[in-house]
Amino acid sequence: NNGVSCQILNYDFRLHDEFFRVLEAFDGIIVRCNPGGSQKRFDHSIMRLAETRYVRPTADVMEKMGARDALCKITHLDF
């Protein structure tokens, strides 16, 4: 036991600000989401979080790879 915690959080674009306030408490974030609402707003918030903590894949990587390819890279994760 290394004191690691993993939690699944569901994103609701109507609760965007609250969702990202919760994410600020995490050291690392794995994104597997089609956010609905404003993709641009979601991407901007994820990139801001990535400045101070581990976030994968980031919005710029998703854009370069395409969402499908980025999701395939983390498909082996159990969630």
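This structure is a prediction, so every number in the text was calculated from the model and none was measured.

S.K.: Can you tell me about helix H1 (residues 16-23), naming the residues and giving the values?
M.R.: Among all positions in H1, only His16, Phe19, Phe20 and Leu23 are buried. Angular distribution of buried residues about the axis of H1 spans 90°; they occupy a single face of the element. Packing partners of the buried residues in H1 comprise strand S1 (28-30) and helix H2 (39-50).

S.K.: Just give me the short version of the side chain of His16, but keep the residues and values in it.
M.R.: By the element assignment, His16 lies in helix H1. His16 sits in the buried class, given a relative accessible area of 2%.

S.K.: Describe the pattern of salt bridges, and please don't skip the residues or the numbers.
M.R.: Taken as a whole and assessed by the stated rule, the structure comprises 2 salt bridges. Of the charged contacts, one joins Arg14 and Asp12 as a salt bridge, the two residues approaching to 2.9 Å between their closest N and O atoms. On the basis of relative accessible area, Arg14 is assigned to the exposed category, the value being 64%. The salt bridge partner of Asp17 is Arg41, with a shortest N-O separation of 2.9 Å. Of the two residues, Asp17 is situated in helix H1 and Arg41 in helix H2; the sequence distance between them amounts to 24 residues. Residue classification places Asp17 among the partly exposed positions, given a relative accessible area of 43%.

Reading the values: rules and limits
Residues numbered from 1 in each chain as written. Predicted model: local features only at pLDDT ≥ 70, side-chain atom pairs only at ≥ 80, totals over all residues. Heavy atoms only, no water. Buried < 20%, exposed > 50% of the residue type's maximum accessible area, 1.4 Å probe, protein only. Helix = DSSP H or I, 4+ residues; strand = E, 2+ residues; numbered from the N terminus. Arc of directions from axis to C-beta. Contact = heavy atoms within 4.5 Å. Salt bridge = Lys/Arg side-chain N within 4 Å of Asp/Glu carboxyl O.

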